[in-house]
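Structural overview for review
Listed below are the residues making up each chain.
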Amino acid sequence: KKEADEKVGVIAEKNGKPCVIEYSELSVKMAEQTKGMMGRKKLLFGAGNICNHYYSISFLEDKVWPEQGKTFHIAHKKIPFWDESTNKTIAPIE
């Protein structure tokens, strides 16, 4: 992640374990925090996570939730997609 306002989730640590924080859940103050590294300032939350994960609800219910205590949440995003009926890319409005 290069800029604090870049719309990408970041890798962080919560309760001693790695996690992903969605950009929509990261406050401006947190996003803008920096730390000194090798004589330069870098974003504290600069390790971006650009992966989208798609799972069926039945898979989550059967395999994930029993082990994780239902700790997941859904991040609603406006992602461009291809519309076959118009042969155009549709870019949802934010």
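Below you will find a few notes about this structure. This one's a predicted model, so the numbers in the text were calculated from it and none came from an experiment. (Residues numbered from 1 in each chain as written. Predicted model: local features only at pLDDT ≥ 70, side-chain atom pairs only at ≥ 80, totals over all residues. Heavy atoms only, no water.)

When helices and strands are counted, the protein shows two helices and seven strands. Moving toward the C terminus, one meets the helices and strands of the protein in the order β-β-α-β-β-β-α-β-β. The globule rule puts the C-alpha radius of gyration for 94 residues at 12 Å, and the 17 Å found for the protein is more than 25% above it. The principal-axis extent of the C-alpha atoms belonging to the protein is close to 50 × 40 × 20 Å. For the protein, the residues scored as buried account for 14% of the 94 residues in total. Intrachain contacts of the protein at a sequence separation of at least 6 include 40% that bridge at least 24 residues. Counting only carbon and sulfur atoms, one obtains 54% of the accessible surface of the protein, whose full area is about 8100 Å². (Helix = DSSP H or I, 4+ residues; strand = E, 2+ residues; numbered from the N terminus. Rg over C-alpha atoms; globule rule 2.2 N^0.38 Å. Buried < 20%, exposed > 50% of the residue type's maximum accessible area, 1.4 Å probe, protein only. Contact = heavy atoms within 4.5 Å. Areas by Shrake-Rupley, 256 points an atom, 1.4 Å probe, with all protein chains shown as cover.)

With that settled, consider a negative patch on the surface. On the surface, a cluster of negative charge is contributed by Glu 3, Asp 5, Glu 6 and Glu 32. Structurally, Glu 32 is set in the loop between α1 (28–31) and β3 (34–37). (Patch = residues over 30% accessible without salt bridge, like charges linked within 9 Å, V, L, I, M, F, W, Y side chains within 5 Å. Salt bridge = Lys/Arg side-chain N within 4 Å of Asp/Glu carboxyl O. Lys, Arg positive; Asp, Glu negative; His and termini not counted. Charge placed at Lys NZ, Arg CZ, Asp CG, Glu CD.)

A separate point is the pairing of β3. As paired strands, β3 and strand β4 (residues 40–43) are joined by four bridges and run antiparallel to one another. Opposite Lys 35, over in β4, you have Lys 42 as the bridge partner. Counted between consecutive antiparallel strands, the loop separating β3 from β4 contains two residues, among which Met 38 sits at a positive phi close to 50°. (Pairing = 2+ DSSP bridges.)

In the Ramachandran plot, Asn 15 falls in the positive-phi region, its phi being about 55° despite a non-glycine side chain. Among the residues examined, Asn 15 registers a relative accessible area of 75% and is labelled exposed.

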